[in-house]
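# Working through the structure, step by step
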Number of protein chains: 2
Amino acid sequence: MTKALDALSEILLMGPGPSMVNEAVYKAMGKHLVGHMDPEFIAVMDDIKGQLRQLCGTANEVTMPMSGTGSAGMETCYVNLVEHGDKVLVLHNGVFSGRMIDVATRLGAQVDVLEFPWGTPVLVPKVKEKLAGGKYAIVAVIHAETSTGVCNPVEEIGKLVREHGALYLVDGVTSLGGIEVALDRWGVDAFYSGTQKCLSCPPGLSPVSFSPRAIEKIKARKSKVPNWYLDMNMIMQYWEGANRTYHHTAPVSMNYALNAALALILDEGPEKVHARHKAMHDMFVKGVEALGFSMFVEKPYRLPMLNLVTCPAGVDEAALRKALRTKHNIEVGGGLGPLAGKVIRIGIMGETAREANVQRLLDALAKETGR
Amino acid sequence: MTKALDALSEILLMGPGPSMVNEAVYKAMGKHLVGHMDPEFIAVMDDIKGQLRQLCGTANEVTMPMSGTGSAGMETCYVNLVEHGDKVLVLHNGVFSGRMIDVATRLGAQVDVLEFPWGTPVLVPKVKEKLAGGKYAIVAVIHAETSTGVCNPVEEIGKLVREHGALYLVDGVTSLGGIEVALDRWGVDAFYSGTQKCLSCPPGLSPVSFSPRAIEKIKARKSKVPNWYLDMNMIMQYWEGANRTYHHTAPVSMNYALNAALALILDEGPEKVHARHKAMHDMFVKGVEALGFSMFVEKPYRLPMLNLVTCPAGVDEAALRKALRTKHNIEVGGGLGPLAGKVIRIGIMGETAREANVQRLLDALAKETGR
């Protein structure tokens, strides 16, 4: 061990991720390595694919974790689907849809943006209007926007996108495991998530899923995917089929952890896990409002797992966050972009979504604000 | 736990990676997470940077692990340094320099290839001749070619590249931790490695290092790096300086593991670790030749940590590898590309490079070949 490792504190993780990790997941991650081409590892890979399909509500054959964190999943979807000059519509209401604009633009897409105020959801009629005025190859949206705490109406948007004929790209980094994800019912063509939010697994992998329509587009590309590491054509040959072909050395331990984390969710039952997130969110909202904090997002659009609060008058948000971390060993998040200094972001994700954790945070908030 | 995880065997990893992992590294990896922006995690990041500088023989400020496996390191070097139309010379004598050609071509580089037979090293006079006939922005070579077991003369090539004025890109995936790496003395401008070879850490991170000259080129780019996830301009703001800016959620647990793995090497002393690799290689060669196997690479160019052997007459290499894995729980690797079916690749890397492991493999080989 190093001094830096010895100095690590036990933190209650209630920021925008990573979330708390179950001991069974840590234990799985620490299992001794087998090779990345070993039949025993391939059995783990296959099990993860089945687990992800179940949790994502999809029969997509190409459903697997990419060997990078959530942002690598975003990169994967765009770099495989975008060819130079493709028209992409990004529905923009937070940091992560802003990132989508940057990612797609770098890849030579013609990006069109339909913007909504931060803290409010994408409005379906506006999307309908926008789609009527152009022809898009891809329409993209964030399901659970981590920077604002807003849930976007992915199912309703999906109907419009399907009628329009575009591919539908959805970011589920923060939603998967915390609220329902139903890729096939919603008509999603490309989806990515992260392990360190509601899946309650350490960061390091990004589950993705591609519909047969998306795979068709990838296979019909005129140019090679301009990213060897994330090229699905090759990665499919490692993750699918009878003869696995070496592409890169998968992060074996991270896959062990993900396999165990997904098993915990599926064993508890996704509906029950979602209900637990909702119950802990309700408990949090009731408690935090009683302390004089306000919820930043209107009730109908609020995410259960990512809560933005504004402080009572006279309470400095930066000082409060610092006190939570240094005096109570609780991590919460600050605001991003235009919300920096204005809100606190509180994650109640996965294993964090337990009564004892929410109560500990509420008690600490009460103490630090003198209520 | 899942059935797939419960079924994992204890394997002696003597393939081309991953290698064996010390219990202290598994323990570090299992430490409870703190946030990726937490001062305590930033202390781990800073410690890793210092450790990597020491092991890589460099004062490069920009020395850090990328959040992907070794191939992500290759992608990082090319995507940041190559602008459309740049002339790149790849010194090609194996699978991984072949991968370089693919990666650079996808990014719009004009790639020129100087080829040498597999199993033989890059010849310095040929490089000199080639450089005299063109003007290159980047010259790239693999230090330890994992597909052939050959060590390329990176120091001598470095002198020529510096005279030529190109940036010098070196792959150290398999070399770092097993033989000397001296980036500053060799004049290397961009370097990447992997964690799962001689660093004896699970796969999942790719240490990289960029010289001030390389950083200058990256900062002076006319176009944005066409890869958001691996853009060094942004990643430097997360890994460097007084105010760290969020870019992506780093794989926290993998960084804990790397911090611990590097500490083990630096505590033992890199020279001693290199000498241990050499001693275990010598023991292996002596033993395996006595059993009738032949070393594929001529002695002066052999890597200590990656050994290609051809089987004695009458021994089927695929059947032998299968017997080692199923009857002895030992993983070794098959040949890649044109060497498939012709050689066995035996890794003696990091924690694997211990007498008991080499002896166990030699005993199993003796038993299976009836010697």
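Residues numbered from 1 in each chain as written. Chains lettered and ligands numbered in written order. Predicted model: local features only at pLDDT ≥ 70, side-chain atom pairs only at ≥ 80, totals over all residues.

This brings us to the packing of helix H3 (residues 39–56) of chain B against helix H11 (residues 252–268) of chain B. Residue and element names in this part refer to chain B. Between H3 and H11, the shortest axis-to-axis distance is 9 Å and the interhelical angle comes to 40°. Between H3 and H11, the crossing angle belongs to the class labelled oblique. Relative to H11, H3 is oriented so that their crossing is left-handed. In contact with Phe41, Val44, Met45, Asp47, Ile48, Gln51, Leu52, Gln54 and Leu55 of H3, H11 contributes Val252, Asn255, Tyr256, Leu258, Asn259, Leu262, Ala263, Ile265 and Leu266. (Axes fitted to C-alpha atoms, helices over the stretch in contact; angles between N-to-C directions. Helix = DSSP H or I, 4+ residues; strand = E, 2+ residues; numbered from the N terminus. Parallel < 35°, antiparallel > 145°, perpendicular 65-115°, else oblique. Left-handed = near helix turned anticlockwise from the far one by under 90°. Contact = placed C-beta atoms within 7 Å.)

With that settled, consider the sheet that holds strand S2 (residues 62–66) of chain A. All names here are of chain A. Taken in spatial order, the 7 strands of this open sheet run S2-S10-S9-S8-S5-S3-S4, and their pairing is mixed. Each edge of the open sheet is held by one strand with a lone partner, namely S2 and strand S4 (110–115). Neighbouring strand axes in the sheet, compared pairwise and without regard to direction, differ in orientation by 15° on average. With 5 bridges joining them, S2 and strand S10 (residues 206–210) adopt antiparallel strand pairing. Of the residues in S10, the one forming a bridge with Thr63 is Ser209. Across the sheet, helix H5 (residues 95–106) touches strand S3 (87–92), S4, strand S5 (138–142) and strand S8 (167–171), and the angle it forms with S3 is around 165°. (Pairing = 2+ DSSP bridges.)

This part is about the interface of chain A and chain B. Contacts between the two partners involve 64 residues from chain A and, on the opposite side, 64 residues from chain B. Of all elements in the fold, only helix H1 (3–6), helix H2 (23–29), helix H3 (39–56), helix H4 (70–81), H5 and helix H11 (252–268) of chain A reach the threshold of two or more residues within the side of chain A that touches chain B. With 7 residues, H11 of chain A is the single largest residue contributor to the side of chain A that touches chain B. Split by residue class, the side of chain A that touches chain B holds 32 nonpolar, 21 polar and 11 charged. (Nonpolar A, V, L, I, M, F, W, Y, C, P; charged D, E, K, R; others polar.)

Residue and element names in this part refer to chain A. Burial analysis of S10 places 5 of its 5 residues in the buried class, which makes it a mostly covered element. Across 3 bridges, the pairing between strand S9 (residues 190–192) and S10 is antiparallel. Bridge pairing in S10 links Phe191 to Ser209. (Buried ≥ 20, exposed ≤ 12 C-beta atoms within 10 Å, placed from the backbone.)

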